[in-house]
Every structure is written in structure tokens, then in C-alpha cells.
Amino acid sequence: MKEKQTIQSLIDKIMTYSPESDLDMVRLAFNFADDAHRGQFRKSKEPYIVHPLAAAHILADMRIDPIIITATLLHDVPEDTHVTLKEIEDNFGSEIKNMVEGITKLGKLKYRGVERYIENLRKMFIAMAEDIRVMIIKFADRIHNLQTLDALPPQKRYRIALESLEIYAPIANRLGMAEMKGQLEDLAFRHVYPKEYERVKKLMDEKLRGKEKSLEGVENISKAELIKSNIEVIDLKGRSKRLYSFYKKLLRKENDITKVYDVIAIRVIVSNIADCYATLGILHNIWKPLKGRIKDYISQPKPNGYQSLHTTVFDDQGDLIEFQIRTLEMHDEAEYGVAAHWHYDERGSRLPAKEILWVKELAEIQKDILNKLSDLEEIKVDFLQSRIFVFTPKGDVIDLPEDATPVDFAYHIHTDIGKKCNGVRINEKMARLDTPLRNGDVVDIIVDKNRKGPNQDWLSFVKTHTAKNHIKNQQKSTRLTGWLKSVLPKK
Ligand code: MN
């Protein structure tokens, strides 16, 4: 079992990445919460304080800003104890009080029917747009609740796990928080698809059985060779692919495990870009690379901004191992996404507008469309499903839901372009307006200035709410004007 988590071990963790921060404040928040929750217990019979402390540890492991960790320690105080938000503000200031208030407004895990559920989701989307840090606390809160889910009745377990898999993990993903997403998915997987979980876990165990020694060997040899070449190795660690993402990859590869090359990956973190390339050369000198699997995402980042060098090599046993080579900045960006920015900026910094734009859009749009459970599907498609990244002819990146079409693209750029769109060139070839777009496509919309409005048939293939909405509204107004014309006296 894990070591017992304490406030001291939390402080020690924070010291490793943010020694300058207000550690007294963190300690004070712990004592404050500990006092407030005294006499309360979790379903697991442990003292309540174990929960906020565990959530704080989850964030410290991800090197999250201590301000957020302080608020996390306090996150259940106003809802569960007699201590008020005012008292939190008096002791910790308005920034922390606002975050705690945001979490408190979202409410707890109680389920009171579909209507209340929808209402809670709406609140969450709004809170997220106001301060994305509230969502980061919510993720940590949820991860610990998932870790201790077995203390709850089965029905409740399933609901919480399902929500984590279908709403929380995709949001974490869109915020670029791969580590958060991965933990949420793997913890929820077992409860949502128990049979698949067992099957995939067995497959993974078989694949890894007896490999620990050789993996350790590869790690040691790599490290020694890099150090010999004067490369500063910040971290070098092997890890198996996460179960849920392994499961999804297997589904894409028709369950053929031999086609999954990254079951084991070794991450190498070095101090600068030149060392990334040098490392690649040194590793290839030791192990033979697999043809066609060397990827330079540093000079050509993935459309979502991901940077690293990837290569798959044969180890001495002939097994395939993937190396992922990156700098610490690239690593933080890839694993912690929006949360990584607080590492560099002084506190109080706002997020870059581009990253939060969709969050604001979601908060706006849910007012119109999130009224019943079936609307949730539309939100999921529009905001939470996997995204594709396509380009305008000028090279601007536009992200859209998977299988979005040129019409969705056109409406995303501007309503007028959507309305007057008359054709499309995809990668310089003429294509139909209902062609599903693919990652990396360059999309050039051809507009007809004289076009009156959208074609109602487009409704049968567009994917985004924006496009649908505009086309429908156009339909309404044309019907109305049509009807008005028909009833008006002819001149
Ligand atoms: Mn909580």
C-alpha cells in the first residue's frame, strides 16, 4: 500500500518544484480544514481530512501551483462544516475564497434525478469559464473519489465512473492535461466496463510478464551512455501504456496486440533541444530503430502543439520499445497542459485567450442547448469528443470535432462564409461539402457572394452546434418570409 500521506510530505513535495511559494499558507489551510472537519468521517470510515489532503497530494504530484493546492485543502469546508466562506476569506484572502466558492457551488456527488444533474453540469461549465482552476481542483477531488469508490453502493459507483469517463476525462483532454485525463480514465474504466477491463488487463500483464529485468537493463544502459556523452539527463523512466488508452488502441487495431508499438515507452527528459537530437543519435547507436517509426515532433509539432522525438527500437531480446525524448518544458506542456502555465508565470496570470475560448463558448452555448439529457450528446460531440486539427490556406489551425465537414469549418470561420459557401478545395483538390475532414487537411472554402443562404440538406451532415443552429435559423426566417409573402396582398 501507499505510504501514509501527511501535511509534511505534501510540503516536501511542493518544496521540490516551488520552494518560493507560501508554504506557511499551505500548512495553515491544512490545520484550518483539519479543525473544521474534526469528527467527520468518509464512507471508508477514515477521518474526513484524508480526502482533501489526498486531493492536494494528487495536484502536488503534478507540480500544480501551491495556491490551487491551498484551495484544494479547503474545498469541502463550507459545504460540510459550520465554517463560512467569509471566514475563509478572512484567513486566506479573496483569491482562495473565490476558488473554494466555485467548488462549493458545484455541489457534491449526490444524484437527484436527471434535471438536477443537467443543472449541475451547467453550473460546472459556467464555473469552469469563470476560473479554470476550479476545474483543476474538481479533477483532483474526482480522482480521489474514484480511488475510494469501492466504499459506495454499486449504482452510485457506476454513475460516478461513467461521468468521469464521458465528461471529466474529455475536458481534461481538451485542456491538454494528459496526466489528469489518464488517471481519470484508468480509475473509471474498471467500474464502467468491468469485463473489458479484466480482458485488457490480462493482455497487458501477459505482454509485460518477465520484461521488468530487460526494461531495467535498457534504462540503465541508456542512462549510462547519455551521461558518458555529457548529456544532462533530468529523468529517464520506462512505463507501460495506460490501460484505457491501450484498450482504445486495441479497438482501433482490430485487437491485434502486435500492432501496438508503444506498450512500453521510455521517457527521456533532457535540458535542451540540441540534447534531444543528440540523445536520439546515441540511442540509435545502441539499438536498431524500427523503420518508419522515427518521428520528429520537435521541428514539426503535432497540430495540438505536442513536441517530442519518438523512435521505436529493438532491445536485446528483440522486443520493441518506444523512446520519447523531450525537454522539461515540452514534458510539462504535454502532461499538465493549461496547468503547466502556472509554473512559469507569476501568480494571478490569466490563461492565454486561445486556450480558454472553447470553455467560454461552452458556457455560453449550454444556455440554449443543455435542457434535457439528449442535449448532452450534442455538447459531447461539439466540445468533448476527440478533435481534429485542420488548417486555413493561410496556415491558421482550426480545431473541430471528429468527422466535421467543410460546412462546419466555414461556419466556424464566420457565419457569412458558412451561409455563402458554395464549394471547397481540400488539400488543393475540389471536394464535396459533406466530406469528413481529416487531421492536417488544408481547407479552402469557395464562397458565392450571390448565394442567398445555406442549403437545408446540409443539416443531414453537419456536426457542430454552430452550423446546425445557423442553418436552422435561416430555415425559420426563410419560411417566415415565405409565409409572410404568401399572405401579404399582391401589389
Ligand atoms: Mn471533495
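- The chain is annotated in an unreviewed UniProt entry as TGS domain-containing protein.
- Per UniProt, the comment on the chain under Function (unreviewed entry) is "In eubacteria ppGpp (guanosine 3'-diphosphate 5'-diphosphate) is a mediator of the stringent response that coordinates a variety of cellular activities in response to changes in nutritional abundance."

## Comments concerning the coordination of the manganese ion
- Protein coordination at the manganese ion: the donors are His51 (NE2), His75 (NE2), Asp76 (OD) and Asp141 (OD), at 2.1 to 2.3 Å from the metal.
- Every donor residue of the manganese ion comes from the same chain, spaced as H-x23-H-D-x64-D. Remark: Asp141 occurs in helix 9 (residues 132–147) and Asp76 occurs in the loop between helix 4 (66–73) and helix 5 (77–80); sequence separation between them is 65 residues. Neither Asp76 nor Asp141 differs from the other in exposure class; each is buried.

## A closer look at the pairing of strand 4 (residues 309–314)
- Counting buried positions along strand 4 gives five out of six residues, so the element sits mostly inside the fold.
- Of the strand pairs in this sheet, strand 3 (residues 295–296) and strand 4 are connected by two bridges, and their pairing is antiparallel. Across the sheet, Asp296 pairs through a bridge with Leu309, a residue of strand 4.
- Sheet topology places strand 4 next to strand 5 (residues 320–327); six bridges connect them, and they run antiparallel. In the strand pairing of strand 5, Val313 is matched with Ile321.
- The hairpin turn running from strand 4 into strand 5, its antiparallel successor, is five residues long, and Gly318 in that turn takes a positive phi close to 85 degrees.

## Considering the domain arrangement of the chain
- The domain architecture assigned to the chain consists of domain 1 (7–191), domain 2 (200–342) and domain 3 (386–487).
- Summed over both partners, the interface of domain 1 with domain 2 comes to about 1,500 Å²; 60% of that surface belongs to carbon and sulfur atoms.
- Contact with domain 2 buries surface across domain 1, with Arg63, Asp186 and Phe189 losing the most and accounting together for 32% of the total.
- There are three salt bridges connecting domain 1 and domain 2.
- The partner of Lys248 in a salt bridge is Glu185, with the nearest N and O atoms 3.8 Å apart.
- Counting the contacts that link domain 1 with domain 2 gives six residue pairs in polar contact (both at pLDDT 80 or more).
- When grouped by side-chain class, the residues that make up the side of domain 1 that touches domain 2 number 10 nonpolar, three polar and seven charged.

## Let's talk about helix 13 (residues 212–228)
- Taking 1.5 Å as the rise per residue, helix 13 with 17 residues should run 24 Å; its terminal C-alpha atoms sit 24 Å apart, in good agreement.
- Just downstream of helix 13 lies Asn230, where phi reads positive at about 65 degrees.

## Quick look at the confidence of the model for the chain
- For the chain, the mean per-residue pLDDT works out to 87, and 91% of the residues sit at or above 70.
- Note on residues 343–349: pLDDT is under 50 here. Beyond four places in sequence and across chains, it has 11 contacts.

What counts, and where the lines are drawn
- Residues numbered from 1 in each chain as written.
- Predicted model: local features only at pLDDT ≥ 70, side-chain atom pairs only at ≥ 80, totals over all residues.
- Heavy atoms only, no water.
- UniProt positions renumbered as here; feature names shortened; annotations may be inferred.
- Donors = N, O, S within 2.8 Å, 3.2 Å for Na, K, Ca; no water.
- Helix = DSSP H or I, 4+ residues; strand = E, 2+ residues; numbered from the N terminus.
- Buried < 20%, exposed > 50% of the residue type's maximum accessible area, 1.4 Å probe, protein only.
- Pairing = 2+ DSSP bridges.
- Domains from an automatic or database assignment.
- Buried area = accessible area lost by both parts, 1.4 Å probe.
- Salt bridge = Lys/Arg side-chain N within 4 Å of Asp/Glu carboxyl O.
- Polar contact = N/O pair within 3.5 Å; in protein donor to acceptor, adjacent residues only side chain to side chain.
- Nonpolar A, V, L, I, M, F, W, Y, C, P; charged D, E, K, R; others polar.
- Expected span 1.5 Å × (residues − 1).
- pLDDT = per-residue confidence, 0-100.
- Contact = heavy atoms within 4.5 Å.

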